[in-house]
Amino acid sequence: MSFEWPWQYNFPPFFTLQPNVDTRQKQLVAWCSLALSYCRHHKLYTLDVMEAQESPVFNNKKIERKLSMEAIQVVFEELRKKGNLEWLDKNKSRCLVMWRRPEEWGKLIYQWVSKNGMVNSVFTLYELSNGDDTEGEEFHGLEEWMLLRSLQALQTDGKAEIITMDDGKGVKFF
Amino acid sequence: TMRKGVGTGAIAKKKLAEVTLQLLLLLCICMSKQLETFKSHLEEFASKHKQEIRKNPQFRVQFQEMCATIGVDPLASGKGFWSEMLGVGDFYYELGVQIIEVCLALKHRNGGLITLDELHQRVLKGRGKYAQEVSQDDLVRAIKKLKVMGNGFGMIPVGGSYLVQSVPAELNMDHTVVLQLAEDHLLKEGLAWLDSQAAGEAQYWLPALFSELSSRDVTPEEANQMTP
């Protein structure tokens, strides 16, 4: 299914950081929503800021408008404040994008585990994220850092325990 | 706009409520009695509140809304019973003249388009400190009268307010709408968005107009996301 752009995407001023404070607020809300939807649709978990500037989401070639680097940073800062983004480096060149929070992922994973009667089984992280059994599940392909956080959330809830195995980490569900 | 000393306090509100009630009573009488009786009550009402009507814009709005519910337009004709009784017609006629003056004076600068806000500010300035208070509602009514008289006046709804057009003209409804008026004002009011990547100089877009132009239907919720 192709990504559906919101109508703001084709509104040229949307790509100019608005000087009016109230207008800018509305603009940023729309940008955050668009960025998260886009990442969700394409299952992007990390973003490189330089690459992002050339990506279709911040660069609409059809109307010849793109967000400036400064504006992108402002949008990212908004996402960070809302808890949807984490910087990976001090220079703010790469970030983690959490269009779904770890707790929400954890819930999805646990639902799958219990639905398939696999409570009390042990899984390697790889099996969960890339195994044949999980193909078609939303968490299939989930990057390890996010998977770990999700499992940690479940662990806090007493629904799982992360274990260290010979060649990596695994998890047992309760 | 609310101004100090124009009866926005509790006493003024009470007075307004009383008068509204009286007008409602008149309405009841009108329904049940003969025209003559109605007329004499109306005359009494009119003379009692003539001053109030001229002085208080809030009262004017209420009054006109009440008239509308009984199917009376006090401004319907310059020589009508109502306008003569209350002098309401004069008030709007004078205001209309003022509006024309302001628009003519600025036409060379703004091409005959002015925001209701700016028009209001300039009209107030022109009237001076001791003149009667004039609200934006008054301006809108006066412009509607002007329109009826065929003066080339019109109002274009934009965002939550209006642009007042004093020259018959068609806005260029192309994808690029460039308005050479009060751009800072429009930006300030959140009515326009700045586009700094247009070829040549910066452009200003009105989301309200844009959403009408795009082929996709915009839901009211989406429209609200962009306009104040």
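Residues numbered from 1 in each chain as written. Chains lettered and ligands numbered in written order. Predicted model: local features only at pLDDT ≥ 70, side-chain atom pairs only at ≥ 80, totals over all residues. Heavy atoms only, no water.

Going by an unreviewed UniProt entry, chain B carries the name Vacuolar-sorting protein SNF8 and comes from Stegastes partitus. Here chain B is described in UniProt, under the heading Sequence similarities (unreviewed entry), as follows: "Belongs to the SNF8 family." (UniProt positions renumbered as here; feature names shortened; annotations may be inferred.)

In the annotation of an unreviewed UniProt entry, the entry for chain A reads Vacuolar protein-sorting-associated protein 25, and the organism field reads Stegastes partitus. Within the UniProt record for chain A, the comment given under Sequence similarities (unreviewed entry) is "Belongs to the VPS25 family."

Peer 1: Help me out: how do you make sense of helix α6 (residues 144–156) of chain A in this one?
Peer 2: An α-helical segment advances 3.6 residues per turn. Residues three or four places apart therefore align on the same side. All names here are of chain A. The end-to-end C-alpha distance of α6, which contains 13 residues, comes to 18 Å, matching closely the 18 Å that a straight helix rising 1.5 Å per residue would cover. If you check which residues of α6 are buried, you get Met-146, Leu-147, Leu-148, Ser-150, Leu-151, Ala-153 and Leu-154. Looking at the packing, one finds that the buried side of α6 touches α4 (102–115), α5 (125–130), β7 (160–165) and β8 (168–173). Backbone geometry just after α6 places Gly-158 at a positive phi near 80°. (Helix = DSSP H or I, 4+ residues; strand = E, 2+ residues; numbered from the N terminus. Expected span 1.5 Å × (residues − 1). Buried < 20%, exposed > 50% of the residue type's maximum accessible area, 1.4 Å probe, protein only. Contact = heavy atoms within 4.5 Å.)

Peer 1: Explain the confidence of the model for chain B here, please?
Peer 2: Low-confidence regions, as indicated by low pLDDT, have predicted coordinates that should not be scrutinised in detail. All names here are of chain B. When pLDDT is averaged across chain B, the result is 67; 47% of the residues are at 70 or more. When pLDDT is averaged over each helix and strand of chain B, the minimum, 55, is found for helix α4 (residues 81–86) and the maximum, 89, for helix α6 (residues 116–127). Low pLDDT, under 50, characterises residues 212–218; the stretch is placed with ten contacts to residues that sit more than four places away or in other chains. On the interface metric, ipTM, the complex scores 0.74, and its pTM is 0.50. (pLDDT = per-residue confidence, 0-100.)

Peer 1: Help me understand a negative patch on the surface in this model?
Peer 2: Residue and element names in this part refer to chain A. A cluster of acidic side chains, namely Glu-127, Asp-132, Asp-133 and Glu-135, defines a negative patch on the protein surface. Of note, Asp-132 is situated in the loop between α5 and α6. Judged by its relative accessible area of 68%, Asp-132 falls in the exposed class. (Patch = residues over 30% accessible without salt bridge, like charges linked within 9 Å, V, L, I, M, F, W, Y side chains within 5 Å. Areas by Shrake-Rupley, 256 points an atom, 1.4 Å probe, with all protein chains shown as cover. Salt bridge = Lys/Arg side-chain N within 4 Å of Asp/Glu carboxyl O. Lys, Arg positive; Asp, Glu negative; His and termini not counted. Charge placed at Lys NZ, Arg CZ, Asp CG, Glu CD.)

Peer 1: Would you take a moment to explain the state of the cysteines for this structure?
Peer 2: Linking two cysteines covalently via their sulfur atoms produces the bond known as a disulfide. Enumeration according to the criterion identifies zero disulfides over all chains in this entry. This cysteine, Cys-39 of chain A, is not joined by any disulfide, and Cys-95 of chain A carries the nearest cysteine sulfur, 7.9 Å off. (Disulfide = S-S within 2.5 Å.)

Peer 1: Is there a simple way to think about the pattern of salt bridges in this case?
Peer 2: Once their charged atoms are close, side chains differing in charge can pair, the charge on each being opposite to the other. Applying the stated criterion to the full structure yields ten salt bridges over all chains. Close ionic contact of Asp-195 of chain B with Arg-65 of chain A constitutes a salt bridge, the shortest N to O distance being 2.7 Å. With one member in each of two chains, Asp-195 of chain B in strand β4 (residues 193–195) and Arg-65 of chain A in strand β3 (residues 65–66) form a pair that bridges those chains. Comparing Asp-195 of chain B with Arg-65 of chain A, the two get one shared label, buried. Arg-100 of chain A is the salt-bridge partner of Glu-138 of chain A, the closest N and O atoms lying 2.9 Å from each other.

Peer 1: Looking at this model, I keep getting lost on the packing of aromatic side chains. Mind explaining?
Peer 2: Any aromatic ring pair is given by two values, namely how distant the centres are and how the planes are angled relative to each other. Residue and element names in this part refer to chain A. The tally for this structure, following the rule as stated, stands at 20 aromatic pairs over all chains. Aromatic side chains Trp-31 and Phe-58 sit 5.6 Å apart centroid to centroid with 35° between the ring planes, which places their arrangement in the tilted category. Within this pair, whereas Trp-31 is found in helix α1 (residues 21–41), its partner Phe-58 is found in the loop between α2 (49–54) and β2 (59–60), the two being separated by 27 residues in sequence. Each member of the pair, Trp-31 together with Phe-58, is buried. Members of the aromatic cluster, each reached through a chain of ring pairs, are Phe-3, Trp-5, Tyr-9, Phe-14, Phe-15, Trp-31, Tyr-38, Phe-58, Phe-76 and Trp-87. Over the aromatic face of Trp-105 sits the side chain of Arg-100, whose NZ or CZ is 4.7 Å from the ring centroid. For the cation-ring pair, Lys-159 lies above Tyr-110, with the distance from its terminal atom to the ring centre recorded as 5.5 Å. (Phe/Tyr/Trp six-rings, centres within 6.5 Å; stacked < 30°, edge-to-face > 60°. Lys NZ or Arg CZ within 6 Å of the ring centre and 35° of its normal.)

Peer 1: Can you walk me through the packing of α1 of chain A against helix α3 (residues 69–81) of chain A in this structure?
Peer 2: For any two helices packed against each other, the geometry comes down to the angle between their axes and how far apart the axes lie. Residue and element names in this part refer to chain A. At their nearest, the axes of α1 and α3 sit 10 Å apart, and the two run at 80° to each other. What the angle tells us is that α1 and α3 run roughly perpendicular. Residues Leu-28, Trp-31, Cys-32, Ala-35 and Leu-36 of α1 lie in contact with α3, whose contacting residues are Val-74, Val-75, Glu-78 and Leu-79. (Axes fitted to C-alpha atoms, helices over the stretch in contact; angles between N-to-C directions. Parallel < 35°, antiparallel > 145°, perpendicular 65-115°, else oblique.)

Peer 1: When you look at the sheet that holds strand β1 (residues 113–115) of chain B in this model, what are you seeing that I'm missing?
Peer 2: In any sheet, the strands associate via hydrogen bonds between backbone groups, in a parallel or an antiparallel arrangement. Residues and elements named next belong to chain B. Judged by pairing direction, the sheet is antiparallel, and its three strands sit side by side in the order β1-β3-β2 without closing on themselves. A strand with exactly one partner marks an edge of an open sheet, and here the two such strands are β1 and β2 (154–158). Going across the sheet, the axis of each strand differs from the next one's by a mean of 30°, ignoring polarity. In the sheet, β1 pairs with strand β3 (residues 161–165) via three bridges, with the strands oriented antiparallel. What sits directly across from Leu-113, in β3, is Gln-165. Packing against the sheet, α6 makes contact with β1 and β3, and its axis sits at approximately 80° to β1. (Pairing = 2+ DSSP bridges.)

Peer 1: What's the story with the nonpolar core in this structure? I'm lost.
Peer 2: Grouped burial of nonpolar side chains is what soluble globular proteins tend to show. Ranked by size, the top nonpolar core spans 56 residues in total, and within it Phe-58, Phe-76, Leu-128, Leu-151 and Phe-173 of chain A carry the most contacts. Ranked by the residues each element gives to this core, the list is headed by α1 of chain A, at nine residues. Those residues in contact with Phe-173 of chain A that sit more than four places away from it in its chain are Ile-109, Tyr-110, Val-113, Val-119, Asn-120, Ser-121, Phe-123, Leu-128, Leu-151, Leu-154, Lys-159 and Ala-160 of chain A. Counting residues in each nonpolar core, the second largest holds 20 residues, with Val-102, Val-140, Phe-153 and Val-164 of chain B among its members. (Core = buried A, V, L, I, M, F, W, Y, C linked by side-chain atoms within 4.5 Å.)

Peer 1: When you look at unusual backbone geometry in this model, what are you seeing that I'm missing?
Peer 2: Negative phi characterises most residues that are not glycine, and trans characterises most peptide bonds. Residues and elements named next belong to chain A. Phi at Lys-43 takes a positive value of approximately 50°, unusual for a residue other than glycine. With respect to the helices, strands and loops of the structure, Lys-43 is situated in the loop between α1 and β1 (46–48). Positive phi, normally seen in glycine, also occurs at Lys-92, with a value near 55°. With respect to the element layout, Lys-92 can be found in the loop between β4 (85–87) and β5 (94–97).

Peer 1: Would you mind going over the environment of Tyr-38 of chain A with me for this structure?
Peer 2: Residues and elements named next belong to chain A. With respect to the secondary-structure elements, Tyr-38 resides in helix α1. For Tyr-38, a relative accessible area of 11% translates into the label buried. Along the chain, Tyr-38 and Glu-4 lie 34 residues apart, while their C-alpha atoms are 9.0 Å from each other. Residues within four places of Tyr-38 in sequence aside, it is in contact with Phe-3, Trp-5, Leu-44, Ser-55, Pro-56 and Val-57.

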